[in-house]
Amino acid sequence: MSATTWVPLAGAAHRIAVEVLLHGPLSRAELARRVDLSAGSLTRLTKPLVDHGLLVATEVAPTGSRLGRPSQPLDVVAAAHHFVGVKLTGDHAHGVLATLRAEVVATAGRPLTDHAPDAVADVVAEVVAELVGTGGRPVTAVGVSLGGDVARATDVVRAPFLHWHDAPVPLGGLVHERTGLPVVVANDVTALTASTHWFGEGRGAPTFALVTVGAGVGFGLVAHDRLVAGDGTGTGRIGHHPLSATGPVCDRGHRGCATSLLTIGSLTAQVSVAHRREVSYDEVLDLAQAGDPAAHRVVDDAGVGLGRLVTAAAGFTSAPLVVLGGEGVRLAEVARDAVARGMAVDRDPAAVPPRLALQSPSFTQWARGAAVIAIRTFVLGA
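Since this is a predicted model, take the numbers as computed values, not measurements.

Draft legend 1. Representation of helix α13 (residues 363–380). The end-to-end C-alpha distance of α13 is 26 Å, a good match for the 26 Å that 18 residues give at a rise of 1.5 Å each. Within α13, 15 of the 18 residues are buried, which leaves the element mostly enclosed by the surrounding structure. Capping the start of α13 is the job of one residue whose side-chain oxygen sits 3.0 Å from the backbone nitrogen of Thr 364: Ser 362.

Laid out in structure tokens, this is it:
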């Protein structure tokens, strides 16, 4: 695979590209107002972007009694660049091919049976190769996300689901060696938060919190229109936030923490014990909806806990919007009433409850987040 030249934009040029990417098409007058540039400066800065195919002038016919030449709003050429996003779990690599506006045009996946760094990089490269070959589209960069801590957007410092604890794994470099493409590595919740901010339920919201439930419990934050990324010292780790004094005990000995109450593994284990057989997550939720006593109790308790976690996330961040995501997010639908009760438990009577938005539980959503990390790096140069 040959690498596309990756030249991140800088200064006013990148501000222009971001505005058009997120809010376009925009007239030149509106764009100049948004980025605080004169018409002449805007023309000078946008010309190379148009010449290189990143921006395009789109004809719009005048409406009503408007006279003169048609305006030519600027828009991005979304298909001019494609990005691969790969989300790694403990047993699978989920991949997507996305345009510059994060529109998913193809998906691919591979089982992950060996957690050795070289083996994982091989699987990621196979996913990338399949997606690059889809329709012969040129690919600008690759984003990889996983549950863990990442340094310098390339090295995985810690990844419990892959059993990487002892030494940093240069995953970005390993994948680059195999693909020849620029590679960015990120924490999966950070990547999903970035995707939600630019292209998802948080678009247009200057401040919002993201809470994910699935194999683990995650937290992401955008404040004043800026992504707040964890620094590896515990920022964003809410898995052991206490939610119930009578809940189950997690593997760390915490009773009623978010991990013990909300994760897929915890819910399935509790209901499996009650039914004396292995029960899947969807079956747990189906049983709860059907009125099964054991499943209903477990799901109701989890719903109340999730509501309390939502209130805590909104209260500590002043976020008017909380987005719920992750592969276990169906819990919020099945336990809707319990979530509402939980949100009311700790909320100050004078506080306005946050607005809730639910994401798709598909792993494609996570992989799209990985692609968006690469898109943001391409556009912002950071």
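Draft legend 2. Looking closely at the pairing of strand β6 (residues 139–146). The buried fraction of β6 amounts to eight of the eight residues, a majority that puts the element mostly inside the structure. Here seven bridges tie strand β3 (residues 82–88) to β6, and the two strands are oriented parallel to one another. Of the residues in β6, the one forming a bridge with Leu 88 is Leu 146.

Draft legend 3. Layout of the packing of helix α4 (residues 117–132) against helix α5 (residues 171–179). Axis separation between α4 and α5 bottoms out at 9 Å; the angle between their running directions is 50°. Here α5 runs oblique to α4, going by the angle between their axes. Like other packed secondary-structure pairs, α4 and α5 cross with a definite hand, here right-handed. On α5, the residues touching Pro 117, Asp 118, Val 120, Ala 121, Asp 122, Val 124, Ala 125 and Val 128 of α4 are Leu 171, Leu 174, Val 175, Arg 178 and Thr 179.

Draft legend 4. View of the environment of Leu 31. Relative to the helices and strands, Leu 31 is located in helix α2 (residues 28–35). Overall, the relative accessible area of 0% leaves Leu 31 in the buried class. Sequence separation between Leu 31 and Arg 101 is 70 residues; the distance between their C-alpha atoms is 18 Å. Dropping the residues within four chain positions of it, Leu 31 is found in contact with Ile 16, Glu 19, Val 20, Leu 26, Leu 42 and Leu 74.

Draft legend 5. View of the nonpolar core. Within the largest apolar cluster, 38 residues are counted, with the highest numbers of intra-cluster contacts made by Val 211, Leu 262, Leu 306, Leu 324 and Leu 331. Within the second largest apolar cluster, 34 residues are counted, among which are Ile 16, Leu 49, Leu 55 and Phe 83.

Draft legend 6. Spatial organisation of the sheet that holds strand β4 (residues 92–99). Sheet architecture is open: five strands sit in the order β5-β4-β3-β6-β9, paired in mixed fashion. With one partner strand each, in any of the chains shown, β5 (104–111) and β9 (183–187) form the two edges of the open sheet. In this sheet, adjacent strand axes meet at a mean angle of 20° when their direction is disregarded. As defined by bridge partners, β6 adjoins β9 across five bridges and the pair is classed as parallel. Directly across from Val 142, in β9, lies its bridge partner Val 183. In the packing of α4 onto the sheet, contacts are made with β3, β4, β5 and β6, and the angle to β5 comes to roughly 150°.

Draft legend 7. Main features of the packing of aromatic side chains. What the rule picks out here adds up to two aromatic pairs. When the ring of Phe 83 is compared with that of Phe 378, the centres are 5.7 Å apart and the planes differ by 55°; the resulting orientation is tilted. Of this pair, Phe 83 sits in strand β3 while Phe 378 sits in helix α13, and the two are 295 residues apart along the sequence. The buried category is assigned to Phe 378, whose relative accessible area is 5%. The ring of Trp 366 has Lys 87 lying over it, and the distance from NZ or CZ to the ring centre is 4.7 Å. Above the face of the Trp 198 ring, Arg 376 is positioned so that its terminal group lies 4.7 Å from the ring centre.

So, how was this worked out
- Residues numbered from 1 in each chain as written.
- Predicted model: local features only at pLDDT ≥ 70, side-chain atom pairs only at ≥ 80, totals over all residues.
- Heavy atoms only, no water.
- Helix = DSSP H or I, 4+ residues; strand = E, 2+ residues; numbered from the N terminus.
- Expected span 1.5 Å × (residues − 1).
- Buried < 20%, exposed > 50% of the residue type's maximum accessible area, 1.4 Å probe, protein only.
- Polar contact = N/O pair within 3.5 Å; in protein donor to acceptor, adjacent residues only side chain to side chain.
- Pairing = 2+ DSSP bridges.
- Axes fitted to C-alpha atoms, helices over the stretch in contact; angles between N-to-C directions.
- Parallel < 35°, antiparallel > 145°, perpendicular 65-115°, else oblique.
- Left-handed = near helix turned anticlockwise from the far one by under 90°.
- Contact = heavy atoms within 4.5 Å.
- Core = buried A, V, L, I, M, F, W, Y, C linked by side-chain atoms within 4.5 Å.
- Phe/Tyr/Trp six-rings, centres within 6.5 Å; stacked < 30°, edge-to-face > 60°.
- Lys NZ or Arg CZ within 6 Å of the ring centre and 35° of its normal.

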